[in-house]
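Structure at a glance
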Amino acid sequence: MNALIKNLWTVTLVVCLLPLLLLGLDVVFDNLGSNPIQAVHIRLGDWSLRFLCIALTITPIQTITRWRGMPEYRQLFGLFAFFYASLHFLVYLLVDHNFNWSLIIMDIIESPYIWFGVFAYIIVFLLGITSSKFAMKKLGKNWKKLHRWVYLAAIASVIHYFWQLKGNLAEPLLYAIIISLLLSFRIFTWFTARQLGKMMIPKGRGDE
Amino acid sequence: MIIKTEKDIPSSEITPPEIFQERRKFIQMLGLTLAGANIPSAFAGDNKVFSNLAKSATPDNSLKPTPVELVKNYTNYYEFTFNKDDSTKLAQSMVIDPWSVEISGEVEKPATYHLEDILSQQTLEERIYRFRCVEGWSMVVPWVGFSLANLLKMAKPLSTAQFVKFTTIEQPETMPNQREKKMLDFPYVEGLRIDEAMHPLTMLAVGMYGEKLPKQNGAPLRLVVPWKYGFKSIKAIVKIELLKKPPLTTWNKSAPQEYGFYANVNPAVSHPRWSQNSERLLGSGFFTSRRQTELFNGYGEQVASLYKDMDLRHFF
């Protein structure tokens with residue numbers, strides 16, 4: 001059993017790196033169309049948002065299955081969201097602008113859709129650097145408060161996505177639906193827990 | 001300016017002279033050409049390749065054309081798809097032969113012309129223009145075509161003609177998003193003020209890179225207004241109307257706060273959701289910076305006077 005979990009961990013890690021590998025192959029084989037820089041940039045952003053969504057499904061799964069063996073995976077997926085978001089940001093700065101700061105600053109100031117991206121990245125960054133057990137202990141009660149901001153990051157990411165589009169909104173809409181479902185599940189469990197608390201039933205569901 | 005047309009023309013694609021002469025006779029027989037008008041060999045029937053292109057009088061900014069494959073495979077054609085890669089394939093179902101263009105409204109001589117008849121009266125030129133999309137990317141395209149003014153003059157605009165409205169073909173049987181009425185109000189409509197339309201830089205294109213326009217790039221006849229965002233350069237034109245009042249254009253109707261009637265390229269006037277300060281030139285490699293967008297896309301010297309008393313922030 002232990003071995004299986006250990007293997008599962010490795011397998012998961014490799015799978016999480018696959019999108020990067022495939023993207024690298026597409027770059028090498030010039031498979032990214034007429035605007036490869038934008039294609040790389042968008043692909044990395046997409047994967048960051050996907051990992052964020054995956055990380056957010058862990059808690060509901062735990063609540064439903066009452067299986068507690070998954071916080072490491074939540075952390076892993078969250079860190080991959082941070083990883084892909086960092087690459088996404090780095091590509092913007094370096095590959096697309098070659099650190100041309102005057103263009104970058106102007107672009108960020110004048111593009112409201114980027115503000116949401118920056119906001120989301122700041123949150124994901126803070127969550128990423130405080131994800132260790134050490135930081136968790138250090139922050140105590142505040143850790144949970146801080147990490148609840150992940151929902152704001154998710155919402156901001158979706159706004160960042162659909163606000164830059166001229167036409168087709170189907171894909172950002174899909175993410176918006178997934179995130180609202182996950183968020184409403186959290187609100188629902190929080191609300192029922194509160195109701196239970198009001199009824200003075202001591203058996204709370206402290207597994208949030 | 002010196003126009004380079006160094007592209008080799010495969011001998012298989014050159015129309016044999018006897019066929020060309022036959023066509024010429026046929027057209028003359030139909031009385032479609034003016035007496036003594038020279039039929040430019042530049043648009044010889046089914047020939048895919050243009051030759052003998054006239055030298056353009058447009059400014060030489062020694063622009064280097066974007067690789068043709070990039071231009072052919074990155075097109076916004078919302079009648080077919082919202083995806084710039086997919087229109088290449090989807091647009092091939094379009095029927096563009098025969099093609100006629102109606103010119104009507106505030107003109108002395110409203111008429112519907114066959115495209116060949118229009119072309120038989122025009123000297124085709126190659127003009128290398130920057131093309132800047134409102135989405136923040138750009139390319140450099142050697143278009144083949146002629147000044148829109150030349151065509152408008154054929155219809156003799158009245159003094160009441162203040163604006164020009166262009167309409168794209170309605171072909172729902174080949175255009176999925178027209179059929180399903182998705183997103184925009186089709187058929188696509190664009191417009192220019194009459195002085196913009198008559199400006200020598202404003203052209204109607206029938207080709208690019210020395211060849212006929214690919215369908216996804218707007219075949220058989222499209223507008224090219226190099227100092228405006230690309231969506232102004234309407235594709236597959238079937239109707240040109242001269243009007244007293246500005247037409248309601250498609251993107252302006254769809255999102256008036258985001259896409260104005262003028263849509264002049266202007267790095268100082270942002271789109272409400274994104275900056276227009278810089279652009280990604282297609283074909284420029286990884287780790288090269290985006291380029292600074294220029295006012296009027298670099299054609300300020302020629303066109304700034306058209307807007308000299310206007311607040312460009314208000315008339316965006």
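Given the structure is predicted, the values throughout are model-derived calculations rather than measurements.

1. Considering the environment of Glu241(B)
Residues and elements named next belong to chain B. Among the secondary structure elements, Glu241 is positioned in strand β10 (residues 237-243). Each C-alpha atom of the pair Glu241 and Gly191 lies 9.3 Å from the other, and the pair is 50 residues apart in sequence. Glu241 has contacts with Ser104, Gly105 and Lys165, leaving out every residue within four places of it along the chain.

2. A few points about the sheet that holds strand β6 (residues 189-193) of chain B
All names here are of chain B. Read from one edge to the other, the open sheet built from five strands follows the order β2-β1-β10-β5-β6, with strand pairing classed as mixed. Pairing within the sheet leaves two strands with one partner each, and these edge strands are β2 (111-114) and β6. Direction aside, the axes of adjacent strands within the sheet are offset by 20 degrees on average. By the bridge criterion, four bridges tie strand β1 (residues 100-105) to β2 in an arrangement that is antiparallel. Looking across to β2, one finds that Glu102 is bridged to Thr112.

3. A closer look at the packing of helix α2 (residues 36-65) of chain A against helix α3 (residues 71-96) of chain A
Residue and element names in this part refer to chain A. α3 packs onto α2 with a crossing angle of 160 degrees between their chain directions and a minimal axis gap of 8 Å. Taken together, the axes of α2 and α3 lie roughly antiparallel to each other. Judged by the twist between their axes, the crossing of α2 over α3 is left-handed. Classifying every residue of the contact of α2 with α3 gives 19 nonpolar, six polar and two charged.

4. What to know about the interface of chain B and chain A
A common measure of how large an interface is: the accessible area buried when the components associate. Contact with chain B, which involves 23 residues of that partner, is made by 23 residues of chain A. In terms of residue class, the side of chain B that touches chain A is built from ten nonpolar, eight polar and five charged.

5. Topic: the nonpolar core
Ranked by internal contacts, the top residues of the largest apolar core, which has 65 residues, are Trp143(B), Val144(B), Leu204(B), Ala205(B), Met208(B), Leu223(B) and Ile237(B). Top element by residues in this core is strand β4 (residues 137-147) of chain B. It accounts for six residues. For Trp143(B), the residues in contact, after removing those within four places along its chain, are Arg127(B), Tyr129(B), Met203(B), Ala205(B), Met208(B) and Val224(B). Residues Cys53(A), Ala85(A), Tyr121(A) and Ala156(A) belong to the second largest nonpolar core, which totals 31 residues.

6. A look at the confidence of the model for chain B
All names here are of chain B. Here chain B averages 87 in pLDDT, and 83% of its residues register 70 or above. Low pLDDT, under 50, characterises residues 1-18; the stretch is placed with 22 contacts to residues that sit more than four places away or in other chains. Contacts of residues 23-47 to residues separated by more than four positions or lying in other chains number 33 contacts, the stretch itself having pLDDT below 50. Of the two predicted TM-score estimates for the complex, the pTM is 0.85 and the ipTM is 0.86.

What counts as what
Residues numbered from 1 in each chain as written. Chains lettered and ligands numbered in written order. Predicted model: local features only at pLDDT ≥ 70, side-chain atom pairs only at ≥ 80, totals over all residues. Helix = DSSP H or I, 4+ residues; strand = E, 2+ residues; numbered from the N terminus. Contact = placed C-beta atoms within 7 Å. Pairing = 2+ DSSP bridges. Axes fitted to C-alpha atoms, helices over the stretch in contact; angles between N-to-C directions. Parallel < 35°, antiparallel > 145°, perpendicular 65-115°, else oblique. Left-handed = near helix turned anticlockwise from the far one by under 90°. Nonpolar A, V, L, I, M, F, W, Y, C, P; charged D, E, K, R; others polar. Core = buried A, V, L, I, M, F, W, Y, C linked by C-beta atoms within 7 Å. Buried ≥ 20, exposed ≤ 12 C-beta atoms within 10 Å, placed from the backbone. pLDDT = per-residue confidence, 0-100.

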